[in-house]
Amino acid sequence: LAFAALYYHPDIAIADANLAHARAGAITAAEAPNPSLSFANVLGVGAVAGAVPAGAAAVTVGPAVNFLIETFGKREDRTAQALRLADAARWDLAAAAWQARSRVRTALLDLWTAKTRIALTRREQELQDELVTLLEQRLAAGAAAEVDVMLVRLPRTQTTLALRNLEQDETAARAQLAAAVGVPLKALEGAPLSTTNFDRPPLIPKAPGVGRFRREALTGRADVRAALQQYEAAQDALKLQIASQYPNVTLSPGYNYDFGVDKFILGLGTDQLPVFNQNQGPIAEALAARIQAAARFSAVQSGVIAAIDAAVSSYEAVTRALVTADKLLSEDQRRAHDIESQFEAGQIGRVAWVGAEIGVAATALSRFDAVVRQRQAIGALEDALQRPLFDPGRWPTAPMTAQVVAQARISHE
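Residues numbered from 1 in each chain as written. Predicted model: local features only at pLDDT ≥ 70, side-chain atom pairs only at ≥ 80, totals over all residues. Heavy atoms only, no water.

Undergrad: Would you mind going over the overall build of the protein in detail, with residue names and values included?
TA: Scanning the protein from terminus to terminus reveals 9 helices and 4 strands. Listing each helix as α and each strand as β along the protein from the N terminus yields α-α-β-β-α-α-α-α-β-β-α-α-α. Expressed along its principal axes, the backbone C-alpha trace of the protein runs to roughly 145 × 45 × 35 Å. Classification of the 413 residues of the protein by burial places 36% in the buried group. Long-range pairs, those at least 24 residues apart, make up 80% of the contacts in the protein between residues at least 6 apart in sequence. (Helix = DSSP H or I, 4+ residues; strand = E, 2+ residues; numbered from the N terminus. Buried < 20%, exposed > 50% of the residue type's maximum accessible area, 1.4 Å probe, protein only. Contact = heavy atoms within 4.5 Å.)

Undergrad: How would you summarise the layout of surface pockets if you had to cite specific residues and measurements?
TA: In this structure, the largest pocket spans a volume of roughly 530 Å³. Lining the largest pocket are 21 residues, with Leu1, Ala2, Leu108, Asn197 and Asp391 sitting closest to its centre. Breaking the lining of the largest pocket down by element, the ones donating at least two residues are helix H1 (2–8) and helix H3 (74–140). If one sorts the elements of the lining of the largest pocket by residue count, H3 sits on top with 4 residues. Across the lining of the largest pocket, the residue classes break down as 13 nonpolar, 4 polar and 4 charged. (1 Å grid on protein atoms, 1.4 Å probe; cavity = no way out; pocket = protein on both sides within 12 Å on 5 of 7 lines; lining within 4 Å. Points joined across faces, edges and corners; volume = space filled by probe spheres on them. Nonpolar A, V, L, I, M, F, W, Y, C, P; charged D, E, K, R; others polar.)

Undergrad: How would you explain the side chain of Asp77 if you had to name every residue and give the values?
TA: Within the secondary structure layout, Asp77 lies in helix H3. One buried charged residue, Asp77, remains without a salt bridge, the closest side chain of opposite sign being Lys239 at 4.1 Å. (Lys, Arg positive; Asp, Glu negative; His and termini not counted. Salt bridge = Lys/Arg side-chain N within 4 Å of Asp/Glu carboxyl O.)

Undergrad: I'd like a description of the packing of aromatic side chains, backed by residues and values.
TA: Applying the stated rule across the entire model yields 7 aromatic pairs. Here the aromatic rings of Trp112 and Phe198 are separated by 5.8 Å at their centres, their planes lie at 40°, and the arrangement is tilted. Remark: Phe198 occurs in the loop between helix H4 (146–181) and helix H5 (210–220) and Trp112 occurs in helix H3; sequence separation between them is 86 residues. Each member of the pair Trp112 and Phe198 is classed as buried. Ring geometry for Phe198 against Phe390: centres 5.0 Å apart, planes inclined by 70°, an arrangement best described as edge-to-face. Of the two residues, Phe198 is situated in the loop between H4 and H5 and Phe390 in the loop between helix H8 (350–385) and helix H9 (401–412); the sequence distance between them amounts to 192 residues. In terms of burial, Phe198 and Phe390 fall into one category: buried. (Phe/Tyr/Trp six-rings, centres within 6.5 Å; stacked < 30°, edge-to-face > 60°.)

Undergrad: Break down the packing of H5 against helix H7 (residues 280–344) for me, citing the residues and quoting the values.
TA: For the pair H5 and H7, the least separation of the axes is 10 Å and the interaxial angle reads 145°. Considering how the two elements wind past one another, H5 and H7 form a crossing that is right-handed. Contacts from Val210, Phe213, Arg214, Ala217 and Leu218 of H5 reach H7 at Gln301, Val304, Ile305, Ile308, Asp309 and Val312. A class-by-class count of the residues in the contact of H5 with H7 yields 8 nonpolar, 1 polar and 2 charged. (Axes fitted to C-alpha atoms, helices over the stretch in contact; angles between N-to-C directions. Left-handed = near helix turned anticlockwise from the far one by under 90°.)

Undergrad: With reference to specific residues and values, describe the nonpolar core.
TA: Judged by nonpolar contacts, the single largest core of 54 residues is most densely connected at Ile12, Leu177, Ile204, Phe213, Ile308 and Leu381. For this core, the element with the highest residue contribution is H3, accounting for 13 residues. Of all hydrophobic cores here, the second largest spans 12 residues; its members include Leu131, Val149, Val152 and Val351. (Core = buried A, V, L, I, M, F, W, Y, C linked by side-chain atoms within 4.5 Å.)

Undergrad: How would you sum up the pattern of salt bridges? Please name residues and give values.
TA: Counted according to the given criterion, the structure contains 22 salt bridges. Here Arg84 and Asp236 are joined by a salt bridge, their closest N and O atoms 3.7 Å apart. On the criterion of sequence distance, the pair formed by Arg84 in helix H3 and Asp236 in helix H6 (residues 222–243) is long-range, its members being 152 residues apart. Two residues, Asp383 and Arg105, come together in a salt bridge whose shortest N-O distance is 3.0 Å. Residue Asp383 is located in helix H8, and its partner Arg105 is located in helix H3; the two are separated by 278 residues in the primary sequence. One network of salt bridges, in which partners are shared, links Arg101, Arg105, Glu382 and Asp383.

Undergrad: Help me get a handle on the pairing of strand E3 (residues 249–258), residues and values and all.
TA: Relative to E3, strand E2 (residues 59–69) is paired through 6 bridges, and the arrangement is antiparallel. Within E3, the position partnered with Val61 by the bridge is Tyr257. Where E3 lies against strand E4 (residues 261–270), 10 bridges are found, and the strand directions are antiparallel. Residue pairing for E4: Thr250 is matched across the bridge by Gly269. Here E3 folds back onto E4 in antiparallel fashion, the turn holding 2 residues, of which Phe259 has a positive phi close to 55°. (Pairing = 2+ DSSP bridges.)

Undergrad: Outline helix H2 (residues 10–30), listing residues and values.
TA: Taking 1.5 Å as the rise per residue, H2 with 21 residues should run 30 Å; its terminal C-alpha atoms sit 31 Å apart, in good agreement. Buried within H2 are the following residues: Ile12, Ala15, Leu19, Ala22, Ala26 and Ala29. For H2, the buried positions fall inside an angular range of 105° around the axis, keeping them on one side. When the buried face of H2 is taken as reference, the exposed residues oriented beyond 90 degrees from it are His21, Ile27 and Thr28. (Expected span 1.5 Å × (residues − 1). Arc of directions from axis to C-beta.)

Undergrad: Give me the confidence of the model for the protein: which residues, what numbers.
TA: Detailed reading of the predicted coordinates is not advisable wherever pLDDT falls low. Averaged over every residue, the pLDDT of the protein is 87; the share at 70 or more is 91%. Looking at the elements of the protein, mean pLDDT is at its lowest for H9, recorded as 53, and at its highest for H6, recorded as 95. (pLDDT = per-residue confidence, 0-100.)

Undergrad: Quick rundown of the environment of Arg214? Include the residues and the values.
TA: Residue position: Arg214 is located in helix H5. With a relative accessible area of 29%, Arg214 lands in the partly exposed category. Placed 170 residues apart in sequence, Arg214 and Ala384 show a C-alpha to C-alpha distance of 9.1 Å. If we ignore the near neighbours within four places in the chain, the residues touching Arg214 are Ile305, Ile308 and Asp309. Within the local environment of Arg214, its side chain forms a polar contact with the side chain of Asp309, the two groups lying 2.6 Å apart. (Polar contact = N/O pair within 3.5 Å; in protein donor to acceptor, adjacent residues only side chain to side chain.)

Have a look at this one:
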């Protein structure tokens, strides 16, 4: 589904187009300036007698070709800046690809959550239906009061309403998944959707081992690499403006036909004279832009560290809660087993045994809430690292992303 989103989702197409635009900008930046052509023409000018050779036209024509020679490495700096921006766009494409995968995972997790809750709730509803039937039979036989039946009917009604809401959640999750892939909802009808990865969560190291996660994210995340390239581009832009203090050289070789006299000219000039300013304004702007790029890079790094710490802390807290929920569920199951043994021995009635099973089903639903929060924490850690944890080894590295997008489109076409 995530690889399908690389082809179908419009955000990937936008990021891919931005990359193509940035690469085209690098081509433009590397191009040498074209020469220009100028003419100096003079017609019908009187001349000193005998100054014009016999048969020569009384005209002056002076074509000249002007070559602009960029000095102090301006073209190199401009090209370096464009290449840095193209590299940043490539990492932005990788970040967009990861966002596509993140949306797919979130939607698929919501779908898995809704389907599992529906299964657990239906089990609880079946037990409640059986309990209501047993008590209604007792009421008909005069062995139970009306209030006893009402007390069990109310939870069943609440469970039935909860089941309808969960079915709506499942439908919404499917629509969310289709939107994450970038296809209509009908495209997923009948498609086999596997959610088994959420049944077996990956092992996450404890807090002392989180340092490896931080180093990995701070050196490998696409947005960190993009921010670094944007800073390098700002540095190249500053170098370009510093070099622009100095004028470029204009070389103008030409030919002049002057009333029958052939003259060959070699002109030399500059594109500007740094008299009134020495490009200090653009230099100051480029320096401020570099400071902004550095601040953005630091902010991205700080955000990555905070996201990893928050995800790990959340995972550890919910894992502790899940251990407690497992213990409570195990105790309820043990008591229900004891009650079942008493029921089979004829010591208690079926009502007591069904009531114990309802308690187990309710505890299982409560425990599943902790399971969902744990899977969500793992998903948050995936996003903080931009590395698959639920399905490791099934995602291209960031430098490969542009190539993967192109291959996906070629194979589809």
